[in-house]
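A closer look at the structure
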Amino acid sequence: MRTKFRLFQNFGLKQKALLIFLLLVIFPTLAVGIVVQFKYKAILHDQFVNSTIRNLDAVVNQLEEQTSMVEDIANYMIFNPNLSAYLHPDAAQYSDTTTDSLKESVEGLLIFHLFSKPYIHSISIDGFNGNHIAMGEPASGDESKWLGKAVPRKGGIVWSEGYTVDSGWSGQVKVVSMFRILRTYKNITAPLGSLVIRLDEASIVSLLENELYKESGNVFVIGPDGEDILQSEVTLPTHFDKNEVLAKMTAQDVRFMNYKAGSERFLTFSRTMESTSWHIITAIPESVVNQQSLGVRLFMNVILVAILLLGATALIGFHYTIIRPILRLKNETTRVKLGDFSARVPISSNDEISDLNRKFNEMVLTIQELIDHKYKLEIRERESELKLLQSQMDPHFLYNTLDMIRWTARLEKAEKASQLIEVLSRFFRSGLNNGQYVTTLLQELQFVQSYLYLHQRRLGSNKLQYALYTEYNIGDAQIPKTTIQPLVENFLKYGLNTKASNNLITVRCFTVRDEIWIEVQDNGMGIAPHQLQLIQASLHGKPLHDSRTGALHNIHERLSIFFGERYGLEIVSSSSNGTWVRLKIPYTKKIGGENDV
């Protein structure tokens, strides 16, 4: 199982989306569609079978009702005294008037039945005494076969299969007839005549057939001895054997069965008429049932295809709105990884992916700016260190200091010379600072103090005075190395009045809200107005290459890059009475031995 999941994890987004679409949309939709169609076809099949059985039962019940009515007519004829008198062997003794009256009475009754039951084709009564009654269409034909069967039944009813008679009105007509030997109810052993009631076969077939049967089915009526009573005119395959169907259904005691005749399959149904013992069999091709559900199945297929198309559209939409932007973001990320910081992703909407793209663009821009700032900071640091080393290695300063140390050592027996050498050594060590870029505020002030002390000893305490102040709790604050010293150096180079004896420079470090202010104030000659204007312009982004103004710009840029744009250098004031410069850096509070911003 884990191996399968690992294989899935190795897929790309496109492969995963396609696999999920296949597993969760295509395959389930096809499976559901196939199952639904199969179930629906089974439901339609069952409904068709049940409705056909109900329809067959209704039709057969109606046919039984008709045959029962015909048998009732025959029964009524037996109990009709007028017919018994008309057929009596001694009827010749009646007067013609009486005979005609008896005949009219019977004919009136028969006329009533003919008009009320249109499926009766004709009625014939042939008395053994020679009297005869014929009602309905005139019909003639060989009916001796069934009359012969009716004689031994001694009043029992015999139904014929379909046969043809000649009608004086409409030519040859196919009929199904009921035959019965009439006997008087007072003397059932004495036959009086024969009764034949002919039913129109077309009416019976029309009754048995519904619209479905007329179009593509067939109806068979089989007698109790297997004889063909009648059937529909639809032609069936030669392999269709109705007697085999009846035998199988009788053996299985079922009313419905699938039957295959040649290459065609049929749905067959049966019902037995209790009154006549006829077997009614209907045969309907399965193609008819399938044709009935074709429209619904086509509609379901259209819905299935529509669902699949919608799913495919959803997959395409998912690809263009989610997968493709993510892959594009991945490609741009690879470009950034290879060092191309011009990589950008387009933003075309306000959704989450566009927001991610927007943040990616901002991140790349920020990384590029940070890298640029880092390079600039390193370059400025190298320039600062180089200038510091050059300043430290200034031959004039070095020779004067060494000369002063030599004469001091000679006059004071080397005690002060030792002190000066120690301060000079501390100065050089603080300037180098083991190659580190950041130092503490306290270490920076010690570096400045060493620098001022050496200059004071060189110039004389009456020429240079200095003062350094700081709050006790900000000594561990982080600050870039050699940040304050260049400001002091600028005063000694450009602002010191060598003719005056009151030159003073003051450095104050204190906190103001969440910032540390470092103010360097002197009473030197100040900065010329035009030069001050150039310095102010450089602090607002216009770099200058003048040694004095360039140093101030470099300090400001180093602080802005290191701490942020809100921090840096500003000139509070500058005049012929001196210059006041302020540095701003963030205030770091020391809590429990750790510094928190």
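Here, every reference points to the structure presented above.
Keep in mind that what you see is a predicted model, and the values were worked out from it rather than measured. (Residues numbered from 1 in each chain as written. Predicted model: local features only at pLDDT ≥ 70, side-chain atom pairs only at ≥ 80, totals over all residues. Heavy atoms only, no water.)

**Remarks on the overall build of the protein chain**
Short version of the rule: To qualify as a helix, a DSSP run of H or I must reach at least 4 residues; to qualify as a strand, a run of E must reach at least 2; elements of each kind are numbered from the N terminus. In what follows, a contact means two residues having at least one pair of non-hydrogen atoms within 4.5 Å. Computed by Shrake-Rupley with a 1.4 Å probe, the accessible areas treat only the displayed protein chains as cover when residues are assessed.
Assigned secondary structure in the protein chain consists of 17 helices and 21 strands. Looking at the protein chain alone, contacts between residues at least 24 apart form 61% of all its contacts between residues at least 6 apart. When the accessible surface of the protein chain is totalled, it reaches about 33200 Å², and 56% of it is carbon and sulfur.

**Section: the pairing of strand β17 (residues 515-522)**
What counts is decided by this rule: Residue burial is assigned from relative accessible area. The probe radius is 1.4 Å, only protein chains are included, and a residue is buried under 20% of its type maximum, exposed over 50%, and partly exposed in between. In short, DSSP must find at least two bridges between two strands for them to pair.
Of all eight residues in β17, seven are buried, a share of seventy percent or more. Alignment of strand β16 (residues 503-512) against β17, held across eight bridges, turns out to be antiparallel. Following the sheet pairing, T511 is matched in β17 by I516. Between β16 and β17, which pair antiparallel in sequence order, lie two residues; one of them, R513, sits at a positive phi of approximately 55°. The pairing of β17 with strand β19 (residues 578-586) spans seven bridges and is classified as antiparallel. Opposite I518, over in β19, you have L583 as the bridge partner.

**Focus: unusual backbone geometry**
A positive phi angle is found at D253, which is not glycine, with a value near 55°. Assessed through its relative accessible area of 70%, D253 is described here as exposed. Even without glycine at this site, T482 takes up a positive phi of about 50°. Position of T482 relative to the elements: it lies in the loop between β15 (478-480) and α15 (485-495). The class of T482 is buried, set by a relative accessible area of 3%.

**With respect to the nonpolar core**
Applied cut-off: We call a set of buried Ala, Val, Leu, Ile, Met, Phe, Trp, Tyr and Cys residues a nonpolar core when their side-chain atoms join them within 4.5 Å.
Core analysis: the biggest nonpolar cluster contains 51 residues, and M77, I125, L195, I197, L208 and I280 have the highest contact counts within it. Considering every element that reaches this core, the biggest residue donor is helix α2 (residues 13-78), with 12 residues. Judged by nonpolar contacts, the second largest core, of 34 residues, contains V448, V507, I518 and I571.

**Some details on the sheet that holds strand β18 (residues 568-575)**
Convention followed: Fitting a line to C-alpha atoms yields each axis, with helices limited to the stretch in contact; the angle taken between N-to-C directions then spans 0 to 180 degrees.
Taken in spatial order, the five strands of this open sheet run β14-β16-β17-β19-β18, and their pairing is mixed. Looking at the sheet topology across the chains shown, the edges are occupied by β14 (464-470) and β18. For this sheet, the mean angle separating the axes of adjacent strands, direction not counted, is 10°. Relative to β16, β14 runs parallel, the two sharing seven bridges. If you follow Q465 over to β16, its bridge partner there is L504. Against the sheet, helix α14 (residues 441-459) contacts β14, β16 and β17, and its axis sits at roughly 170° relative to β14. Running at roughly 160° to β16, α15 makes contact with β14, β16, β17, β18 and β19 of the sheet.

**Examining helix α10 (residues 294-337)**
Defined as follows: One less than the residue count of a helix, multiplied by 1.5 Å, gives the span that helix is expected to have. Bend at a given residue is defined as the angle between two axes, one fitted to the seven residues that end at that position and one fitted to the seven that begin there.
Helix length check: α10 (44 residues) gives 61 Å between terminal C-alpha atoms against 64 Å at 1.5 Å per residue, within 8%. Bending of α10 peaks at approximately 40° at the position of H319. Those residues of α10 that sit buried are M300, L304, L308, G311, I323, P325, L329, E332 and V336. A positive backbone phi angle near 100° is found at G339, which sits one or two residues after α10.

**Some words on the packing of aromatic side chains**
Quick reminder of the rule: Only rings of Phe, Tyr and Trp enter the pairing, Trp through its six-membered ring, and a pair is recorded when the two centres are within 6.5 Å. The plane angle decides the type: under 30 degrees is stacked, over 60 is edge-to-face, the rest tilted.
Applying the stated criterion across every chain, the model contains 10 aromatic pairs. Judged by centre distance (5.2 Å) and plane angle (65°), the rings of F240 and F266 are edge-to-face. Taken as a pair, F240 in the loop between β9 (228-231) and α8 (242-252) and F266 in strand β11 (residues 264-272) lie far apart in primary sequence, 26 residues in all. By the burial criterion, F240 is buried, and F266 matches it. The interplanar angle of 70° and the centroid separation of 6.3 Å between the aromatic rings of F563 and Y567 together place this pair among those described as edge-to-face. We classify Y567 as buried; its relative accessible area is 8%. Members of the aromatic cluster, joined through ring pairs, are F220, F240, Y259 and F266.

**Considerations on the pattern of salt bridges**
Put simply, the rule is: For this analysis, a salt bridge means a side-chain nitrogen from Lys or Arg found within 4 Å of a carboxyl oxygen belonging to Asp or Glu.
Considering all chains together, one arrives at 17 salt bridges under this definition. With its nearest N and O atoms 2.7 Å apart, the salt bridge here joins E143 to R198. Taken together, the positions of E143 in the loop between β3 (139-140) and α5 (144-150) and R198 in strand β7 (residues 187-200) put the pair 55 residues apart, joining distant regions of the chain. Note on accessibility: E143 and R198 belong to one class, buried. Its salt-bridge partner being R335, residue E332 comes within 3.0 Å of it at the nearest N-O pair.

**Quick look at the sheet that holds strand β12 (residues 279-285)**
Pairing within the open sheet is antiparallel, and its five strands lie in the order β9-β8-β12-β11-β10. Both edges of this open sheet fall to β9 and β10 (256-261), since each of them pairs with a single strand only. Averaged over all neighbouring strand pairs, the angle between strand axes comes to 25°, with direction disregarded. Here strand β8 (residues 218-222) pairs with β12 via five bridges, running antiparallel. Looking at β12, one finds that F220 is bridged to I281. Each of β10, β11 and β12 is contacted by α2, which is oriented at about 40° to β11, the strand it contacts most. The strands that helix α6 (residues 201-208) touches are β8, β9 and β12; relative to β9, the one it contacts most, it runs at about 65°.

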